[in-house]
Amino acid sequence: MRFFKKTQHTYRLFILLLVCLVSLASFAQTTTQSKKNVDDLTEDQIAAFYQKAQASGMTEAQIEKAAKAQGYTAADIAKMREKINNLPSNSNQKINNKSEIDGNSDSRVTNGKLSKPKKGDANANNKNEINPLENVDSKNINSGNSPIKKSIDEQIFTLEERIFLSQPLNIYNDSLVKVYKELQLKRSLALEKEIFGSNLFDNEKLNFEPDLKIATPLNYTLGPEDELNIDIFGDVLDNFRVKVSPEGTVKILNLSPIYVNGLSVDAAANRIIGRLRQLYQGLNKPGSGSSAQVTLGNVKSIKVTITGEVKFPGTYTVSSLATVFNALYLAGGPSLNGSFRNIKVIRGNKHIRTLDLYDFLLRADQKDNIHLQDQDVIRISDYETRVELVGEVKRAMVFETIKGETLKDVLKFAGGFTNKAYTYSIPVTRNTSRELKLLNITQDEVSSFIPQNGDKYVIGAIIERYENKVEIEGAVFRPGMYALENGVNTVKELIKRAEGAREDAFLSRATITRRQENFEPQIISIDLGRILRGEISDVPLQREDIIKVFTVSSLKEKRTVSIFGEVNQEGNYEFKDGMKVGDLILLAKGFKDGASFSKLELARRIVTHGLGSITDDKIEIKTFNIDGNLLLSDEGNQFTLTPFDILSIRRSPDYEDQRYISIQGMVNFPGVYALKNNNKRLSDFIELSGGLKEGAFLEGAQFYRNTEVVGVDLKEILDNPNSKNNMYLMALDSLFIPRMDQTVKLSGALQNPISVTYKPDFKLNDYISEAGGFAPNAIKSHVYVKNPNGISSRTKKFLFFKSYPRVLPGSEIIVDGIPLGAKKGLTTAEIMGLTTSLTSFSLTLVYLINQLAK
């Protein structure tokens, strides 16, 4: 946090140092009228400049531009930064205290308006108040990320408003939100009326800097600080680099000063070379063998003053090669009230040129962009006439006009109309001395109408309607829009222009959709066939008529035929006249391998359109045989179909897919076997697999059907193949014969559920004893044995005798128990209630018997 505060403080100083330089330049002009050396500034002067910087409303980019215009270099800026950072802490404290006294160190929002704290305000330092200017990073003000152009922001907003807009909005403060919305509205209104050319001098990529690498201009006028390069070559080699002195002379060794002030480069060269002949005989003369050339080196700086309606008026130091555009760019161009058409260049108190920026903006003409001279004055006048164009023009802006220009010229400024502009009449809103006035300008008046200041021209869009359009849709060869003109005035003429009705056109009835006088649509029905045949009179058309010619197919249900069963691609297919059974089978990709070529069934609708009896059959069934090769000579293949027929092809009764069964485990040849017929039984498994291996446990054999265990006693089945338990086999049946498992598992409500070794002489109770006996929650009557083959056996009871199930190797003994928390048996209260109920029922029953006996 300490590092952050230090960095933030240094960054603020860096922004303010540029303001100091501009202040320094201003101070130098008012005192010594020359640029003051940064090294000569004292700490008190720097502190004073620092204080002045805090009250400035200029942005960093503007300050830097102004500092360079005053002649300060990057090295000067770096030195100033170092001096500000090295200011003693007491100086900074002094500055801050003075700022607080002056009330310039803070701004607050009060009652929805920006205001500065008053002197002596006890709440000026209250940390609980929202301060939109706290921790302001002034570099963000009017940055390149701003949604509007820098010049617009600076002209429509104060410094405090710009700082407020650069900070994040606190949505929890109603006053801040209100101020923010008001400023955004102010910005929107300013942008809606953007002045043509206002952004010319705000584009950083268009700075109009003079080219210092061009060849020496022969008409360039020399003056103090200009530098000349004198090159002597040939038999004699020498070089002189001289600068024009404040007295207007150049000094060459062993020669008296040569006066060149006010001369062109060409005239100065002749004078200098003439003087050099005193040292070099025959210089630049034929046959002398030596020549000299004079060129311009570094050029001097000149001062020009820009005044009037300019964004940043003042005196600027520029290159002597600078033009009017260079100076205007440094000063930010015309202000909101400045003229773009009347920029005057004054030299020696005489008006020498008037610059019209529209010449450059519209035609790239720089004829009046002359080179400046020292002490030139550029004055931007107030605009006289501005008009606004909105709507369907290519550049909807505010334009400035001069005397003699018409509305036609203004439209050229706007780039002309868009392709959707309504030009028949242009409404104009004009200001009078008391109120607004509306005018309408016709096309003929555009070239002579003189705009007045404040005029607003609204160019509307044409109506999305046609004055002579008719349209035809549907079953014609060229549907679309046509012009209602000579040769196309009736239905028959329009059909002819559309290259006639198609073969599938429904000619008995067509429709015309027409707009009535109230613009409501209406339908007019026509007999198109009789009109085309000339049997009835033709129908005249009106604008916006839409003729629709229907197709025969569009008036019918979509006709299909269907095929299902033993074909490769079942489904519905489009019906075509003349379609046969063989054609439909071809569309279905042919027969499947098991298809039957006999007893094909065709289901056909019986359609009477309500003229038949409701008791009649609605479906007709036809059964027939076909040739599997789909021969054209076969009667069945040539059976003609009608729409919506359904053809069913069944499977051959003697066809069957291969079926497989599986046997695994303790057999000689485990694996998958084909089920040859439907007469195979469970007992055939062993024969198919080559017999049992030693150790096979038949009583534990597990039989699966549809992935589920089916309990079977394979040993009993093998001993008695005629047993009703010897089931017929089905596809995918499987049998697993395990090796004998010499354990018995005990689970459920036992003291110690466990698996124990199988003992042939043990009974059920013996195994339960091995598990520690029954648990307290055990239900002793609910004991059953789950055998390895999936069959379960339970304890049986007859009178006082119990028969326990047999325990086989691999079996599981399961004892059910009462769930934890559940009560066992009836409570005393439940027993008493049950006894009372039974007593009452008995007394009622005795009473009824006695009544019946009477």
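What counts as what
- Residues numbered from 1 in each chain as written.
- Predicted model: local features only at pLDDT ≥ 70, side-chain atom pairs only at ≥ 80, totals over all residues.
- Heavy atoms only, no water.
- Helix = DSSP H or I, 4+ residues; strand = E, 2+ residues; numbered from the N terminus.
- Buried < 20%, exposed > 50% of the residue type's maximum accessible area, 1.4 Å probe, protein only.
- Contact = heavy atoms within 4.5 Å.
- Areas by Shrake-Rupley, 256 points an atom, 1.4 Å probe, with all protein chains shown as cover.
- Salt bridge = Lys/Arg side-chain N within 4 Å of Asp/Glu carboxyl O.
- pLDDT = per-residue confidence, 0-100.
- Pairing = 2+ DSSP bridges.
- Axes fitted to C-alpha atoms, helices over the stretch in contact; angles between N-to-C directions.
- Core = buried A, V, L, I, M, F, W, Y, C linked by side-chain atoms within 4.5 Å.
- Patch = residues over 30% accessible without salt bridge, like charges linked within 9 Å, V, L, I, M, F, W, Y side chains within 5 Å.
- Phe/Tyr/Trp six-rings, centres within 6.5 Å; stacked < 30°, edge-to-face > 60°.
- Expected span 1.5 Å × (residues − 1).
- Arc of directions from axis to C-beta.

## Some thoughts on the overall build of the protein
Helix and strand counts for the protein come out as 19 helices and 39 strands. For the protein, the residues scored as buried account for 38% of the 854 residues in total. In the protein, of all internal contacts separated by at least 6 residues, the share reaching a separation of at least 24 is 60%. A total of about 50,800 Å² of accessible surface is found on the protein, and carbon and sulfur atoms cover 51% of it.

## Quick notes on the pattern of salt bridges
Once their charged atoms are close, side chains differing in charge can pair, the charge on each being opposite to the other. For the structure on display, the rule yields 30 salt bridges. A salt bridge links aspartate 577 to arginine 559; its shortest N-O distance comes to 3.6 Å. One end of the pair, aspartate 577, is in the loop between β24 (571-574) and α15 (581-587); the other, arginine 559, is in the loop between β22 (546-549) and β23 (560-565), and 18 residues separate them in sequence. For aspartate 577, a relative accessible area of 64% translates into the label exposed. For arginine 559, a relative accessible area of 29% puts it in the partly exposed group. Salt-bridge contacts for glutamate 656 lead to arginine 659; the nearest nitrogen and oxygen are separated by 2.7 Å.

## Points about the confidence of the model for the protein
The pLDDT averaged across the protein works out to 80; a share of 76% of its residues lies at or above 70. Mean pLDDT across the elements of the protein ranges from a minimum in strand β1 (residues 108-110), with 35, to a maximum in β22, with 96. Within the model, the stretch residues 1-16 combines pLDDT values under 50 with 19 contacts to residues more than four positions away or in other chains. Here residues 22-35 scores under 50 on pLDDT; set against residues more than four positions off or in separate chains, the count is 26 contacts.

## As for the sheet that holds strand β3 (residues 227-234)
Spatial ordering of the open sheet is given by β4-β3-β7, a layout of three strands whose pairing is antiparallel. The two strands at the open ends of the sheet, each matched to only one other strand, are β4 (238-243) and β7 (290-296). The sheet shows a mean angle of 15° between the axes of neighbouring strands, direction not considered. Sitting on the sheet, helix α9 (residues 265-276) touches β3 and β7, and the angle it makes with β7 is about 145°.

## Some details on the sheet that holds strand β19 (residues 480-483)
What the five strands build is an open sheet, ordered β19-β18-β22-β20-β21; its pairing is mixed. Because the sheet does not close on itself, it has two edges, and the strands there are β19 and β21 (521-526). Averaged over all neighbouring strand pairs, the angle between strand axes comes to 25°, with direction disregarded. Taken together, the three bridges between strand β20 (residues 510-515) and β22 define a ladder with antiparallel strand orientation. Counted as the bridge partner of threonine 513 is isoleucine 546 from β22.

## Points about the nonpolar core
In terms of nonpolar packing, the biggest core is built from 47 residues, with Leu328, Leu389, Phe399, Leu407 and Tyr457 touching the most fellow members. At five residues, the largest contribution of residues to this core is made by helix α10 (residues 324-330). The contact partners of leucine 389, leaving out residues within four places of it in the chain, are Ala396, Met397, Phe399, Val410, Leu411, Ala414 and Tyr457. By size, the runner-up hydrophobic cluster in this structure holds 26 residues, among which are Leu222, Leu255, Val294 and Leu321.

## Here we look at the pairing of strand β28 (residues 660-665)
Both β28 and strand β29 (residues 671-674) contribute to a ladder of four bridges, which runs antiparallel. Bridge pairing in β29 places tyrosine 660 opposite alanine 674. As consecutive antiparallel partners, β28 and β29 are separated by five residues. In this structure, β28 lies alongside strand β32 (residues 734-737), joined through four bridges in parallel fashion. Paired with isoleucine 663 across the bridge in β32 is leucine 735.

## So, a nonpolar patch on the surface
Taken together, the side chains of Tyr422, Tyr424 and Ile462 present a nonpolar region at the surface, about 330 Å² in accessible area. Mapped onto the elements of the fold, isoleucine 462 is located in the loop between β17 (456-459) and β18 (469-474). Accessibility expressed as a relative area gives 40% for isoleucine 462, which makes it partly exposed.

## Details of the packing of aromatic side chains
Aromatic ring pairs: the centre-centre distance and the angle between the two ring planes describe each pair. A complete count under the given rule lists 10 aromatic pairs for this structure. Taken together, a centroid distance of 5.1 Å and an interplanar angle of 75° make the contact between phenylalanine 325 and phenylalanine 360 edge-to-face. Here phenylalanine 325 is found in helix α10, whereas its partner phenylalanine 360 is found in helix α11 (residues 357-363), with 35 residues between them in sequence. In terms of burial, phenylalanine 325 and phenylalanine 360 fall into one category: buried. An angle of 10° between the planes, with centres 5.1 Å apart, marks the rings of phenylalanine 624 and phenylalanine 639 as stacked.

## Examining unusual backbone geometry
Phi at glutamate 225 takes a positive value of approximately 85°, unusual for a residue other than glycine. As for its placement among the helices and strands, glutamate 225 is situated in the loop between α8 (174-192) and β3. According to the relative accessible area criterion, glutamate 225 is partly exposed, its value standing at 42%. Notably, phenylalanine 519 is not glycine yet its phi reads approximately 70°, a positive angle. Looking at where phenylalanine 519 falls in the secondary structure, it is placed in the loop between β20 and β21.

## Quick word on the pairing of strand β27 (residues 646-649)
Examined bridge by bridge, β23 and β27 share four bridges and lie parallel to one another. Residue pairing across strands places glycine 565 opposite isoleucine 649, the latter belonging to β27. The sheet contact formed by strand β25 (residues 600-605) and β27 spans three bridges and is antiparallel. Considered in β27, the bridge of glutamate 601 is made with serine 648.

## With respect to α9
Taking 1.5 Å per residue, 12 residues should reach 16 Å; α9 reaches 16 Å between its end C-alpha atoms and fits that length. Considered for burial, the residues of α9 that qualify are Val265, Ala268, Ala269, Ile272, Ile273 and Leu276. The buried residues of α9 occupy one face: seen down the axis, they fall within an arc of 130°. Residues of α9 that are buried make contact with β3, β5 (249-250), β6 (258-259) and β7.

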